[in-house]
Amino acid sequence: MNFELIDKKTGEVHSFKMAKSWVDVTAKQFFELREWDGDELKLISILSGCPYNLLATSSNIDLDTKLLPLTS
């Protein structure tokens with residue numbers, strides 16, 4: 001699933017693609033998931049390649065309805 005985030009500080013639009021299944025997960029993401037600490041925002045960061053800080057400070061994204069269901 002493709003999604004965009006708008007950086008609140010710069011107004012810049014960033015595009016990312018969220019992994020929807022294990023087929024979409026890279027080896028790097030797999031090993032990062034092994035170290036995952038349960039933080040849902042960190043999980044989205046790992047599965048999308050979006051930097052954690054950008055996710056935490058962005059607008060125009062509804063994490064609960066759009067991205068979290070893809071993590072199940």
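Student: Could you give an account of the environment of Val 23, naming the residues involved and the relevant values?
Tutor: Examined against the element boundaries, Val 23 turns out to sit in the loop between β2 (13-17) and α1 (27-34). Considered as a pair, Val 23 and Ala 56 are 33 residues apart in the sequence and their alpha carbons are 27 Å apart.

Student: Run through the packing of α1 against helix α2 (residues 40-48), naming residues and quoting values.
Tutor: The relative placement of two packed helices is expressed as an angle between their axes plus a distance between the axes. For the pair α1 and α2, the least separation of the axes is 9 Å and the interaxial angle reads 165°. As far as their axial angle goes, α2 and α1 are roughly antiparallel. Judged by the sense of rotation from one axis to the other, the crossing of α1 with α2 is right-handed. Residues Gln 29, Glu 32 and Leu 33 of α1 form the contact with α2, whose own contacting residues are Leu 43, Ile 46, Leu 47 and Ser 48. Within the contact of α1 with α2, the residues separate by chemical class into 4 nonpolar, 2 polar and 1 charged.

Student: Tell me about the confidence of the model for the chain, and name the residues and values.
Tutor: Detail in the predicted coordinates should be disregarded across regions flagged by low pLDDT. Across the chain, the average pLDDT comes to 83, with 92% of residues at or above 70. Put simply, helix α4 (residues 63-67) is where the chain has its lowest mean pLDDT, 69, and α1 is where it has its highest, 94.

Student: Can you tell me about the pattern of salt bridges, naming the residues and giving the values?
Tutor: For the structure on display, the rule yields 1 salt bridge. Across the pair Lys 28 and Glu 32 runs a salt bridge whose closest N-O atoms are separated by 3.4 Å. In this pair, Lys 28 and Glu 32 both sit in helix α1, 4 residues apart, roughly one turn of the helix. The exposure class assigned to Lys 28 is exposed, which follows from its relative accessible area of 60%. Classification of Glu 32 as partly exposed rests on a relative accessible area of 28%.

Reading guide: rules and limits
- Residues numbered from 1 in each chain as written.
- Predicted model: local features only at pLDDT ≥ 70, side-chain atom pairs only at ≥ 80, totals over all residues.
- Heavy atoms only, no water.
- Helix = DSSP H or I, 4+ residues; strand = E, 2+ residues; numbered from the N terminus.
- Axes fitted to C-alpha atoms, helices over the stretch in contact; angles between N-to-C directions.
- Parallel < 35°, antiparallel > 145°, perpendicular 65-115°, else oblique.
- Left-handed = near helix turned anticlockwise from the far one by under 90°.
- Contact = heavy atoms within 4.5 Å.
- Nonpolar A, V, L, I, M, F, W, Y, C, P; charged D, E, K, R; others polar.
- pLDDT = per-residue confidence, 0-100.
- Salt bridge = Lys/Arg side-chain N within 4 Å of Asp/Glu carboxyl O.
- Buried < 20%, exposed > 50% of the residue type's maximum accessible area, 1.4 Å probe, protein only.

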